[in-house]
Amino acid sequence: GLCFIDHRTAVPADDRAFAWVPEPRSTPRPTDVAPGEPSGLSTGEDDDRWHPLDALFAPLTAPSGEWIGVLSVDLPATGRRPGPVQLEVLELFADQAAIAIEHARMHSALRDREAEARHSATHDSLTGLANRGLLMSSADALAAQPGGEIAVLMLDLDRFKQVNDTAGHRAGDEVLRAVAGRLRACVRESD
């Protein structure tokens, strides 16, 4: 799946794409050149030399085939186009990078689902308010603290049954959501 674009290839200009072309070094650092290798980048037509406008891309694809990114080789330290072994290493690295990205995505999705499940287990699905189980565990924890105080508010909605009977349960649900929103607006986040 590697894609090499030779500097001689005509690539249509795209104003939305960002590009950077490194300046060729006239004298490479000794650490950039392997022993026995010619030094420096070539701007000539030598088939084995890396031209500053050459580009090598390794697509990152998920096991499902979804494209998730790309690795780009812009300037090999040796000044030469990668050989078969280097290309194989690049492909393996791209595969491992794609797996790591996919695992990070799956971990994030799992964490989000767990948070949703915890919220669903402790909150009413209609109003979003804390359910009886959360209220009881919170009250027990507060009562166990020295000086902990608990207040209970009982609220009765007059003629609520009439709303359900005359306008239907959807209208009743809307009334409950509105009341829940008003209650939520009257308390602090910590309450």
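Fair warning: this is a prediction, and the values are worked out from it, not measured in the lab. (Residues numbered from 1 in each chain as written. Predicted model: local features only at pLDDT ≥ 70, side-chain atom pairs only at ≥ 80, totals over all residues. Heavy atoms only, no water.)

## Observations concerning the pairing of strand β3 (residues 67-73)
Here is step 1 of the chain: Here six bridges tie strand β2 (residues 55-61) to β3, and the two strands are oriented antiparallel to one another. Paired with Ala 58 across the strands is Leu 71, a residue of β3.
Here is step 2 of the chain: The antiparallel hairpin formed by β2 and β3 contains five residues in its connecting segment, where Gly 65 sits at a positive phi of about 100 degrees. (Pairing = 2+ DSSP bridges. Helix = DSSP H or I, 4+ residues; strand = E, 2+ residues; numbered from the N terminus.)

## Considerations on the nonpolar core
Here is step 1 of the chain: Counting residues in hydrophobic clusters, the biggest one holds ten residues: Trp 50, Leu 56, Ala 58, Leu 60, Ala 62, Ile 68, Leu 90, Ala 94, Ala 97 and Ala 98.
Here is step 2 of the chain: Counting residues per element, the ones that place at least two in this core are β2 and α1 (84-122).
Here is step 3 of the chain: Ranked by the residues each element gives to this core, the list is headed by α1, at four residues.
Here is step 4 of the chain: Once you skip the residues sitting within four places of it in the chain, Leu 60 turns out to touch Glu 66, Trp 67, Ile 68, Gly 69, Val 70, Leu 71, Ala 94, Ala 97, Ala 98 and Ile 101. (Core = buried A, V, L, I, M, F, W, Y, C linked by side-chain atoms within 4.5 Å. Buried < 20%, exposed > 50% of the residue type's maximum accessible area, 1.4 Å probe, protein only. Contact = heavy atoms within 4.5 Å.)

## Overview of the packing of aromatic side chains
Here is step 1 of the chain: Under the criterion given, the structure shown has one aromatic pair.
Here is step 2 of the chain: Judged by centre distance (5.9 Å) and plane angle (65 degrees), the rings of Phe 4 and Trp 50 are edge-to-face. Taken together, the residues span a long stretch of sequence, with Phe 4 in strand β1 (residues 3-5) and Trp 50 in the loop between β1 and β2 at a distance of 46 residues.
Here is step 3 of the chain: Residue Phe 4 is classed as partly exposed on the basis of its relative accessible area of 35%.
Here is step 4 of the chain: Owing to a relative accessible area of 0%, Trp 50 belongs among the buried residues under this scheme. (Phe/Tyr/Trp six-rings, centres within 6.5 Å; stacked < 30°, edge-to-face > 60°.)

## Concerning the pattern of salt bridges
Two side chains carrying opposite charge are able to pair once their charged atoms lie near each other.
Here is step 1 of the chain: Inspection of every chain in the model, using the stated rule, returns eight salt bridges.
Here is step 2 of the chain: Across the salt bridge formed by Arg 81 and Asp 6, the nearest N and O atoms sit 2.5 Å from each other. Separated by 75 residues along the polypeptide, Arg 81 in the loop between β3 and α1 and Asp 6 in the loop between β1 and β2 bring together distant segments of the chain. Like Arg 81, the residue Asp 6 is buried in the burial classification.
Here is step 3 of the chain: Asp 54 is paired through a salt bridge with Arg 81; the nearest N and O atoms lie 3.4 Å apart. Placement of the pair is Asp 54 in the loop between β1 and β2 and Arg 81 in the loop between β3 and α1, with a sequence separation of 27 residues.
Here is step 4 of the chain: Under the relative-accessibility criterion, Asp 54 is labelled buried at 3%. (Salt bridge = Lys/Arg side-chain N within 4 Å of Asp/Glu carboxyl O.)

## Remarks on the layout of surface pockets
Here is step 1 of the chain: Of the volumes computed, that of the largest pocket is approximately 1,500 Å³.
Here is step 2 of the chain: Lining the largest pocket are 30 residues, and of these Leu 129, Ala 130, Leu 135, Leu 183 and Asp 191 sit closest to its centre.
Here is step 3 of the chain: Elements with a minimum of two residues in the lining of the largest pocket: α2 (132-144) and α4 (169-186).
Here is step 4 of the chain: For the lining of the largest pocket, the leading source of residues is α2, giving six residues.
Here is step 5 of the chain: By residue class, the composition of the lining of the largest pocket is 19 nonpolar, five polar and six charged. (1 Å grid on protein atoms, 1.4 Å probe; cavity = no way out; pocket = protein on both sides within 12 Å on 5 of 7 lines; lining within 4 Å. Points joined across faces, edges and corners; volume = space filled by probe spheres on them. Nonpolar A, V, L, I, M, F, W, Y, C, P; charged D, E, K, R; others polar.)

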